[in-house]
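For reference, the chains in residue letters:
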Amino acid sequence: MRRIEVPRPATFVSLTGFMGVGKSRVGRELARALMLHFIDLDRFIERRTGLSIPDIFRYLGEEAFRRLEKEAVAELSEKDHLVLSLGGGTFVDLENRARLLARGPVVALWASPRTILERVARKPGERPLLQGEDPLGRIEALLQARAPIYQEAHIHVTTEGRRVEEVVEEIVEALWRYAKARGA
(Lines give C-alpha, C1' and ligand atoms only; values in the text may rest on other atoms or scores of the structure.)
Protein backbone atom coordinates (compact mmCIF):
# COMPACT_ATOMS: atom_id res chain seq x y z
CA MET A 1 0.00 0.00 0.00
CA ARG A 2 1.27 3.45 -0.91
CA ARG A 3 1.88 5.91 1.91
CA ILE A 4 -0.23 9.07 1.72
CA GLU A 5 1.43 12.28 2.85
CA VAL A 6 -0.90 14.72 4.55
CA PRO A 7 0.17 18.38 4.49
CA ARG A 8 0.88 19.40 8.07
CA PRO A 9 3.30 21.86 9.66
CA ALA A 10 4.97 19.26 11.89
CA THR A 11 4.94 15.51 12.50
CA PHE A 12 6.17 15.79 16.09
CA VAL A 13 5.02 18.46 18.54
CA SER A 14 5.49 18.55 22.30
CA LEU A 15 3.43 20.65 24.70
CA THR A 16 4.97 22.02 27.87
CA GLY A 17 3.81 24.31 30.63
CA PHE A 18 2.76 24.20 34.25
CA MET A 19 0.22 21.66 35.52
CA GLY A 20 -3.35 22.72 34.84
CA VAL A 21 -2.64 24.87 31.76
CA GLY A 22 -4.49 22.39 29.55
CA LYS A 23 -1.70 20.37 27.92
CA SER A 24 -3.69 17.13 27.79
CA ARG A 25 -6.97 18.61 26.54
CA VAL A 26 -5.25 20.87 24.02
CA GLY A 27 -2.87 18.08 23.02
CA ARG A 28 -5.69 15.67 22.23
CA GLU A 29 -7.44 18.25 20.05
CA LEU A 30 -4.19 19.40 18.42
CA ALA A 31 -3.39 15.79 17.49
CA ARG A 32 -6.84 15.46 15.96
CA ALA A 33 -6.42 18.71 13.99
CA LEU A 34 -3.00 17.64 12.66
CA MET A 35 -4.03 13.99 12.15
CA LEU A 36 -1.31 12.78 14.51
CA HIS A 37 -1.27 10.35 17.43
CA PHE A 38 -1.55 11.76 20.95
CA ILE A 39 0.36 10.59 24.03
CA ASP A 40 0.11 12.10 27.50
CA LEU A 41 3.52 11.41 29.06
CA ASP A 42 2.15 10.84 32.57
CA ARG A 43 -0.44 8.32 31.31
CA PHE A 44 2.31 6.60 29.28
CA ILE A 45 4.43 6.23 32.43
CA GLU A 46 1.43 4.97 34.41
CA ARG A 47 0.69 2.30 31.79
CA ARG A 48 4.36 1.26 31.70
CA THR A 49 4.73 0.97 35.48
CA GLY A 50 1.23 -0.08 36.49
CA LEU A 51 1.30 2.70 39.11
CA SER A 52 -0.42 6.08 39.24
CA ILE A 53 1.80 9.16 39.28
CA PRO A 54 0.85 9.94 42.93
CA ASP A 55 1.78 6.35 43.87
CA ILE A 56 5.12 6.60 42.06
CA PHE A 57 5.88 9.78 44.03
CA ARG A 58 4.60 8.23 47.29
CA TYR A 59 6.34 4.84 47.09
CA LEU A 60 9.34 5.39 44.82
CA GLY A 61 9.98 9.13 45.22
CA GLU A 62 10.31 12.04 42.84
CA GLU A 63 13.83 11.00 41.76
CA ALA A 64 12.54 7.62 40.49
CA PHE A 65 9.67 9.37 38.70
CA ARG A 66 12.06 11.79 36.98
CA ARG A 67 14.22 8.85 35.84
CA LEU A 68 11.14 7.09 34.38
CA GLU A 69 10.12 10.37 32.76
CA LYS A 70 13.56 10.81 31.15
CA GLU A 71 13.48 7.26 29.75
CA ALA A 72 10.01 7.84 28.32
CA VAL A 73 11.03 11.16 26.70
CA ALA A 74 14.07 9.47 25.12
CA GLU A 75 11.87 6.72 23.69
CA LEU A 76 8.96 8.86 22.53
CA SER A 77 11.06 11.62 20.99
CA GLU A 78 12.25 9.01 18.48
CA LYS A 79 8.67 8.51 17.26
CA ASP A 80 6.99 10.37 14.46
CA HIS A 81 3.40 11.51 13.82
CA LEU A 82 2.96 12.39 17.48
CA VAL A 83 1.73 15.16 19.75
CA LEU A 84 3.33 14.62 23.15
CA SER A 85 1.86 16.28 26.24
CA LEU A 86 4.60 16.63 28.85
CA GLY A 87 4.29 16.70 32.61
CA GLY A 88 4.74 20.12 34.21
CA GLY A 89 8.31 19.34 35.31
CA THR A 90 9.48 17.34 32.26
CA PHE A 91 10.85 20.34 30.36
CA VAL A 92 12.70 21.56 33.48
CA ASP A 93 15.22 18.72 33.09
CA LEU A 94 18.10 19.97 30.92
CA GLU A 95 18.51 16.68 29.01
CA ASN A 96 14.77 16.40 28.29
CA ARG A 97 14.65 20.05 27.24
CA ALA A 98 17.61 19.77 24.85
CA ARG A 99 16.22 16.56 23.32
CA LEU A 100 12.73 18.02 22.80
CA LEU A 101 13.90 21.40 21.47
CA ALA A 102 16.13 19.63 18.94
CA ARG A 103 13.38 17.17 17.96
CA GLY A 104 10.71 19.58 16.84
CA PRO A 105 8.51 22.46 17.83
CA VAL A 106 7.83 22.78 21.54
CA VAL A 107 4.68 24.71 22.44
CA ALA A 108 4.42 26.28 25.90
CA LEU A 109 0.90 26.80 27.24
CA TRP A 110 0.29 29.48 29.86
CA ALA A 111 -2.38 30.39 32.41
CA SER A 112 -2.46 32.50 35.57
CA PRO A 113 -1.71 30.92 38.96
CA ARG A 114 -5.32 31.46 40.08
CA THR A 115 -6.70 29.75 36.95
CA ILE A 116 -4.24 26.89 37.42
CA LEU A 117 -5.39 26.45 41.04
CA GLU A 118 -9.06 26.41 39.97
CA ARG A 119 -8.32 23.77 37.35
CA VAL A 120 -6.14 21.49 39.50
CA ALA A 121 -8.44 21.78 42.53
CA ARG A 122 -10.92 19.60 40.62
CA LYS A 123 -8.57 16.61 41.12
CA PRO A 124 -6.73 17.37 44.38
CA GLY A 125 -5.21 13.92 44.99
CA GLU A 126 -3.54 13.78 41.57
CA ARG A 127 -1.08 16.65 42.13
CA PRO A 128 1.66 15.48 44.51
CA LEU A 129 3.63 18.71 44.23
CA LEU A 130 0.67 20.75 45.52
CA GLN A 131 -0.04 18.80 48.69
CA GLY A 132 0.03 20.78 51.91
CA GLU A 133 -0.69 24.34 52.94
CA ASP A 134 -1.08 27.31 50.58
CA PRO A 135 -1.35 25.61 47.17
CA LEU A 136 -1.70 29.01 45.43
CA GLY A 137 1.59 30.16 46.96
CA ARG A 138 3.21 26.89 45.89
CA ILE A 139 1.90 27.35 42.32
CA GLU A 140 3.16 30.95 42.21
CA ALA A 141 6.62 29.94 43.47
CA LEU A 142 6.97 26.94 41.16
CA LEU A 143 5.64 28.87 38.16
CA GLN A 144 8.03 31.74 38.82
CA ALA A 145 10.95 29.30 39.04
CA ARG A 146 9.93 27.42 35.88
CA ALA A 147 8.80 30.36 33.72
CA PRO A 148 12.29 31.16 32.34
CA ILE A 149 12.64 27.51 31.33
CA TYR A 150 9.20 27.36 29.67
CA GLN A 151 10.21 30.55 27.81
CA GLU A 152 12.73 28.45 25.85
CA ALA A 153 9.86 26.80 23.93
CA HIS A 154 9.49 27.72 20.27
CA ILE A 155 5.82 28.79 20.50
CA HIS A 156 3.84 30.37 23.36
CA VAL A 157 0.04 30.36 23.71
CA THR A 158 -2.22 31.32 26.59
CA THR A 159 -5.16 29.12 27.54
CA GLU A 160 -6.53 31.72 29.96
CA GLY A 161 -10.29 32.15 29.44
CA ARG A 162 -10.19 30.51 25.99
CA ARG A 163 -11.94 27.57 24.39
CA VAL A 164 -9.75 24.61 23.45
CA GLU A 165 -10.66 25.05 19.76
CA GLU A 166 -9.38 28.64 19.82
CA VAL A 167 -6.09 27.58 21.42
CA VAL A 168 -5.61 24.75 18.92
CA GLU A 169 -6.30 27.07 15.98
CA GLU A 170 -3.67 29.52 17.26
CA ILE A 171 -1.14 26.70 17.74
CA VAL A 172 -1.71 25.32 14.23
CA GLU A 173 -1.20 28.78 12.71
CA ALA A 174 1.98 29.24 14.79
CA LEU A 175 3.23 25.80 13.71
CA TRP A 176 2.81 26.75 10.05
CA ARG A 177 4.82 29.94 10.67
CA TYR A 178 7.45 27.88 12.51
CA ALA A 179 7.67 25.42 9.61
CA LYS A 180 7.88 28.19 7.04
CA ALA A 181 10.65 29.98 8.98
CA ARG A 182 12.63 26.74 8.93
CA GLY A 183 12.10 26.23 5.22
CA ALA A 184 9.86 23.18 5.57
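Quick summary incoming for the structure in this document. Along every chain, residues carry numbers that run from 1 in the direction the sequence is written. Note on the predicted model: pLDDT of at least 70 is required for a residue's local features to be given, and 80 or more for side-chain atom pairs to be given and counted; whole-chain, interface and lining totals, by contrast, use all residues. Hydrogens and water molecules were not included; the side-chain quantities draw on all heavy atoms of the structure.

## Some words on the overall build of the chain
Thinking step 1. Each helix and strand counted, the chain has 8 helices and 5 strands in total.
Thinking step 2. A helix here means a DSSP run of H or I that spans at least four residues, while a strand means a run of E at least two residues long, and both kinds are numbered starting from the N terminus. Going residue by residue from the N terminus, the α and β elements of the chain occur as β-α-β-α-α-α-β-α-β-α-α-β-α.
Thinking step 3. Scaling as 2.2 N^0.38, a compact globule of 184 residues should have a C-alpha radius of gyration of about 16 Å, and the chain matches this with 16 Å.
Thinking step 4. Considered along the principal axes of its C-alpha atoms, the chain spans approximately 55 × 35 × 25 Å.
Thinking step 5. Under the scheme applied here, a residue whose accessible area is under 20% of the maximum for its type counts as buried, over 50% as exposed, and between as partly exposed, the area being computed with a 1.4 Å probe on protein chains only. With 184 residues in all, the chain has 47% of them scored as buried.
Thinking step 6. Residues are treated as being in contact if the distance between any of their heavy atoms lies within 4.5 Å. When contacts within the chain are restricted to residue pairs at least 6 apart in sequence, those whose partners lie at least 24 apart make up 73%.
Thinking step 7. Accessible surface is estimated by sampling points in the Shrake-Rupley manner with a 1.4 Å probe; for residues, cover comes only from the protein chains shown. Of the roughly 10,000 Å² of accessible surface on the chain, a fraction of 51% belongs to carbon and sulfur atoms. To get the radius of gyration, use the C-alpha atoms; to get the globule rule, take the number of residues to the power 0.38 and multiply by 2.2 Å.

## Thoughts on the packing of helix 1 (residues 23-34) against helix 8 (residues 164-181)
Thinking step 1. Remark: helix 1 packs on helix 8, axes separated minimally by 9 Å, with the N-to-C direction vectors making an angle of 55°. On the basis of the axis angle, helix 1 is oblique to helix 8. Relative to helix 8, the crossing made by helix 1 is right-handed. Residue-level contacts link Arg 25, Val 26, Glu 29, Leu 30, Ala 33 and Leu 34 of helix 1 to Val 164, Val 167, Val 168, Ile 171, Val 172 and Leu 175 of helix 8.
Thinking step 2. Classification used: nonpolar for Ala, Val, Leu, Ile, Met, Phe, Trp, Tyr, Cys and Pro, charged for Asp, Glu, Lys and Arg, polar for all others including Gly. Taken together, the residues of the contact of helix 1 with helix 8 break down into 10 nonpolar, no polar and 2 charged. Comment: axis = line fitted to C-alpha atoms, over the contacting stretch for helices; angle = value between 0 and 180 degrees taken between N-to-C directions. Just so you know how the angles are binned, under 35 degrees is roughly parallel, over 145 roughly antiparallel, 65 to 115 roughly perpendicular, and the rest oblique. The crossing is said to be left-handed when, going from far helix to near helix, the turn is anticlockwise and less than a right angle, and right-handed when the turn is clockwise.

## Regarding the nonpolar core
Thinking step 1. To qualify as a nonpolar core, a set must consist of buried Ala, Val, Leu, Ile, Met, Phe, Trp, Tyr and Cys residues joined through side-chain atoms within 4.5 Å. Among the nonpolar cores identified, the biggest contains 54 residues, and Val 13, Phe 18, Leu 30, Val 107 and Ile 171 are the most heavily contacted of them.
Thinking step 2. No other element matches helix 8, which puts 8 residues into this core.
Thinking step 3. Setting aside its immediate chain neighbours within four residues, Val 13 contacts Leu 30, Leu 34, Leu 82, Val 83, Leu 84, Pro 105, Val 107 and Leu 175.

## Some remarks on the sheet that holds strand 3 (residues 82-85)
Backbone hydrogen bonds hold the strands of a sheet together, and the pairing may be parallel or antiparallel.
Thinking step 1. If you trace the 5 strands from one edge of the open sheet to the other, you get 2-3-1-4-5, paired in parallel fashion. Here the strands that pair on one side only, and so sit at the sheet edges, are strand 2 (37-40) and strand 5 (155-158). Along the sheet, successive strands turn relative to each other by an average axial angle of 20°, direction set aside.
Thinking step 2. Bridge count between strand 1 (residues 12-16) and strand 4 (residues 106-110): 3 bridges; the pairing is parallel. Looking across to strand 4, one finds that Leu 15 is bridged to Val 107. At least two DSSP bridges between two strands are required for those strands to pair.

## A short note on the pattern of salt bridges
Note that side chains of opposite charge can pair when their charged atoms are close.
Thinking step 1. Counted as salt bridges are all cases of a side-chain nitrogen of Lys or Arg within 4 Å of a carboxyl oxygen of Asp or Glu. In the structure shown here, the tally under the stated rule is 16 salt bridges.
Thinking step 2. The residue Arg 43 makes a salt bridge to Asp 40 at a minimum N-O spacing of 3.8 Å.
Thinking step 3. With a shortest N-O distance of 3.2 Å, Arg 97 and Glu 152 are connected by a salt bridge. With a gap of 55 residues between them, Arg 97 in helix 5 (residues 94-103) and Glu 152 in the loop between helix 7 (135-150) and strand 5 connect regions that are remote in the sequence.
Thinking step 4. On the basis of relative accessible area, Arg 97 is assigned to the buried category, the value being 8%.
Thinking step 5. Linked through salt bridges whose partners overlap, the residues forming this network are Arg 162, Arg 163, Glu 165, Glu 166 and Glu 170.

So far we have only geometry, and geometry alone does not tell us how the molecule works.
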